[in-house]
Amino acid sequence: MQWFNVILLLTSAVFVHAQLFHQLSHQKEQESKVNLQQLSQRRKGNQKAVLKKYTTAKSYLFNQTVDHFGRQQGVNGSWFYQHFYLVDDFYKTGGPVFLVIGAEAELKESDLESDNLPKQLAELHGGILVGLEHRFYGATRNGRSVPTVDLSNESLQLLTSDQAIEDLAKFIRSFPTLFPQYNLSAAGTKWISIGGSYAGSLSAWLIQKHPDLVFAAHASSAPVLAESNFWRYSYTVEKGMNYFSGSDRCMQGWTRAVKAMDQTIMKLKSNATALQSFKSKFWLSRVKNLGDFGSIVTTLFPLTVQYSSFANMFIPSTLGLKGVTFLEAVCGGVYFPAFTNPNATNVELLVTLQNYTIAYLSMNGVTGDSDPLVDSWNTFEIADRNIQNNWYLWLHQVCNEFAYGMIAQSVTEPGQLISSWSVYSQFVTLEYYEWTCEALGLSPTGVADTVSTNRKYNGLNITTPRILWVNGDIDPWHWLSNFESAPNPQSQAVILFENATHCNDLWGSGYQTTNYSLSVFDRILKVYSGWMQMPVSSPTTAVTSAPQLDEVVENTKNTSSLKIALIASGVGVTLLAACLSVVWMKISKRRKNYSKNRTRVDPIGNMIEKAVERSQQMESQQIESKIDVQVLEEQREEFEKSESKSGLRSNPISVMSYWFE
């Protein structure tokens, strides 16, 4: 399947390359020591510096309802175990609870342990930090938080935003009784939800739906407006590449190359033989749909703008060697210099675009135009719906609820172009996007019901008090959020972070180096300080009946794994979510499927296999944690026996969940 370009086209959050970001996070950790000292000098009044402190997230399972709106049953009947983490190192009696919302990826310990904004807020205000994993998205962890026996479309009817909101609501209601030692049932406890990207939307929707449970909400880079014709995404990709490269010269050359390719295809569409010959110059003659073709060639580098150049690698860094980012490859003037040469001819630019595509395909295991590996880049229906094959979960939500059609700018509609042509191919259209959803088998018509979604959640017009909207003006997703003004300016706050990307605020103040960026965090912390000084007008509703003992089970197998100081979705949290991870998963599977018929050396494939072996070794080295209450240990053992009996929850963890962890 043309999984790669489909996912780049449809997803809003990504995992990043693990080795490179481990290096980056280490550098950030060192910088943060200096920056926090700077920050402490800037704080005034009650906004004291947030000091670094090592924390350990405790792992638990929560007895969650399968279907909040009907009677659909799951693998255990009407309930399932939902995973969550808890950090209480900073808690002081009467302090708030900061609810980190998991989104379109598994929730990790590092989401609560890293020195990010949620952890800083918990320390600053003496609060509890708790993170709830989104239903289904723990599938990469042996089917964790998955309520069903498989991932069929019938099962995925339970994977919706409104089910997720009710999961959060039940969790909040139950929490005080599950942990009575915190005395959170008393009036005065403030629950503050925090999320980025899709989780940011959930944060806003949660307080809108349940203002009696949530006191305030932080919605970072939250695309609360469901939109099909999202051409502003590619528009902002071009704008952002101009910013990061320092001029518009590179994108001027790039869009000229895309124009030459599109116009050539338009001329050859009626001549099948000539069209195949032209596609072969990109090593893509086996790709059938022109939307797939255009997407492979032109939509590889948007993550440079959505997150940073380090989140988008043309050549991954391996074996201690520095890799090459897409920004360096396309706009550096070294690898493909025609893109930055204003005197390059259209022919030179087209040939350069072909060489660029071939270089990327070669780095991902393709040996030539006749390579059968290319067949897997065509779009066709997902046949395997077992839990271990779970890469398409977010696409199911996108194709049915939100659309988010990241399509090419129109070359005929006024105001959509920055250069003389679009940054994406003109074959990356809304029709192609909808066809993809239908062809994958994720939607009967391919058309997401954005009208119902916007009617349900009020689109941009969410007026519930005490919502903080934060967006970066380079982030393509800011267009679908409240970035200019608040729907309720008397009781909401809007912060537009200049020259910032997706969910930058959730990284925390320790990673900021400029006076301006530090001033943004001053504003964020002032909003929180204001919330802390307000009375609780609607105290958290206590549960009316005590949950059973199996309602909360401490997870005693905590995997020892690399903690990287990154936050960017779900808490942003799971923010670095799905797309690139899925891409590399599919690439890895392609290599595996075709390796038996090859004698060639595949250094990237070998690198991935070694990473998988190392990851499996890490998984086997699990550390047993202590449980205070014996009955909880017995419940955990009973749960594991049920997993083993079903045979569905003991699958090895996804290759790429390790690779990008």
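Refer to the structure above for everything that follows.
Residues numbered from 1 in each chain as written. Predicted model: local features only at pLDDT ≥ 70, side-chain atom pairs only at ≥ 80, totals over all residues. Heavy atoms only, no water.

Quick notes on the overall build of the protein
Line of reasoning, step 1. When its secondary structure is counted, the protein shows 21 helices and 13 strands.
Line of reasoning, step 2. Expressed as a percentage of the 661 residues in the protein, the buried residues total 63%.
Line of reasoning, step 3. For the protein, the exposed area adds up to about 24,600 Å²; of that, 50% sits on carbon and sulfur atoms. (Helix = DSSP H or I, 4+ residues; strand = E, 2+ residues; numbered from the N terminus. Buried < 20%, exposed > 50% of the residue type's maximum accessible area, 1.4 Å probe, protein only. Areas by Shrake-Rupley, 256 points an atom, 1.4 Å probe, with all protein chains shown as cover.)

A short note on unusual backbone geometry
Line of reasoning, step 1. Positive phi, close to 55°, is recorded for Asn 183, a residue that is not glycine.
Line of reasoning, step 2. For Asn 183, the position within the fold is in the loop between helix 5 (161-178) and strand 5 (191-196).
Line of reasoning, step 3. The phi torsion at Trp 283 lies on the positive side, around 65°, for a residue other than glycine.
Line of reasoning, step 4. Considering the arrangement of structural elements, one finds Trp 283 in the loop between helix 9 (272-280) and helix 10 (290-298).

Side note on the pattern of salt bridges
Line of reasoning, step 1. Inspection of every chain in the model, using the stated rule, returns ten salt bridges.
Line of reasoning, step 2. Asp 88 serves as the salt-bridge partner of Lys 58, at 3.4 Å between the closest nitrogen and oxygen. Here Lys 58 is found in strand 1 (residues 58-65), whereas its partner Asp 88 is found in the loop between strand 2 (79-87) and strand 3 (97-101), with 30 residues between them in sequence.
Line of reasoning, step 3. Between Glu 109 and Arg 141 there is a salt bridge, with its nearest N and O atoms 3.9 Å apart. Placement of the pair is Glu 109 in the loop between strand 3 and helix 3 (110-113) and Arg 141 in the loop between strand 4 (128-132) and helix 5, with a sequence separation of 32 residues. Comparing Glu 109 with Arg 141 shows no difference in burial state: the two are buried.
Line of reasoning, step 4. Through salt bridges with shared partners, one network takes in Glu 106, Glu 109 and Arg 141. (Salt bridge = Lys/Arg side-chain N within 4 Å of Asp/Glu carboxyl O.)

Some remarks on the state of the cysteines
Two cysteines form a disulfide when their sulfur atoms are joined by a covalent bond.
Line of reasoning, step 1. One pass over the full model with this rule turns up two disulfides.
Line of reasoning, step 2. Sulfur-sulfur distance for the disulfide between Cys 250 and Cys 331 comes to 2.0 Å. Between Cys 250 and Cys 331, the S-S torsion sits near -75°, and that sign places the bridge as left-handed. Within this pair, whereas Cys 250 is found in helix 8 (residues 249-268), its partner Cys 331 is found in helix 12 (residues 326-331), the two being separated by 81 residues in sequence. (Disulfide = S-S within 2.5 Å.)

Some remarks on the pairing of strand 6 (residues 216-220)
When a strand is regular, its side chains alternate between the sheet's two faces.
Line of reasoning, step 1. Counting buried residues along strand 6, five of its five residues qualify, which places the element largely inside the surrounding structure.
Line of reasoning, step 2. By the alternation rule, side chains of strand 6 split into Ala 216, His 218 and Ser 220 and Ala 217 and Ala 219, which are all buried.
Line of reasoning, step 3. As paired strands, strand 5 and strand 6 are joined by five bridges and run parallel to one another. Opposite Ser 193, over in strand 6, you have Ala 217 as the bridge partner.
Line of reasoning, step 4. Running through helix 6 (residues 198-209), the crossover from strand 5 to the neighbouring parallel element strand 6 is right-handed.
Line of reasoning, step 5. Sheet topology places strand 6 next to strand 9 (residues 467-472); four bridges connect them, and they run parallel. Across the sheet, residue Ala 217 finds its bridge partner in strand 9, namely Ile 467. (Pairing = 2+ DSSP bridges. Right-handed = clockwise from strand over helix to strand, strands pointing away.)

A closer look at the packing of helix 8 against helix 10
Line of reasoning, step 1. At a minimum axis distance of 12 Å, the contact between helix 8 and helix 10 shows a crossing angle of 160°. Relative to helix 10, the element helix 8 lies roughly antiparallel. At the point where helix 8 passes helix 10, the crossing takes the right-handed sense. Two secondary-structure elements touch here, helix 8 through Trp 254, Val 258, Met 261 and Ile 265 and helix 10 through Leu 290, Phe 293, Val 297 and Thr 298.
Line of reasoning, step 2. By residue class, the composition of the contact of helix 8 with helix 10 is seven nonpolar, one polar and no charged. (Axes fitted to C-alpha atoms, helices over the stretch in contact; angles between N-to-C directions. Parallel < 35°, antiparallel > 145°, perpendicular 65-115°, else oblique. Left-handed = near helix turned anticlockwise from the far one by under 90°. Contact = heavy atoms within 4.5 Å. Nonpolar A, V, L, I, M, F, W, Y, C, P; charged D, E, K, R; others polar.)

Some words on helix 5
Line of reasoning, step 1. Between its terminal C-alpha atoms helix 5 stretches 25 Å, which fits the 26 Å expected from 18 residues at 1.5 Å a residue.
Line of reasoning, step 2. Of all the bends in helix 5, the greatest, near 25°, is centred on Ile 172, and the proline Pro 176 appears no more than four residues after it. (Expected span 1.5 Å × (residues − 1). Bend = angle between axes of the 7 residues up to and from the residue.)

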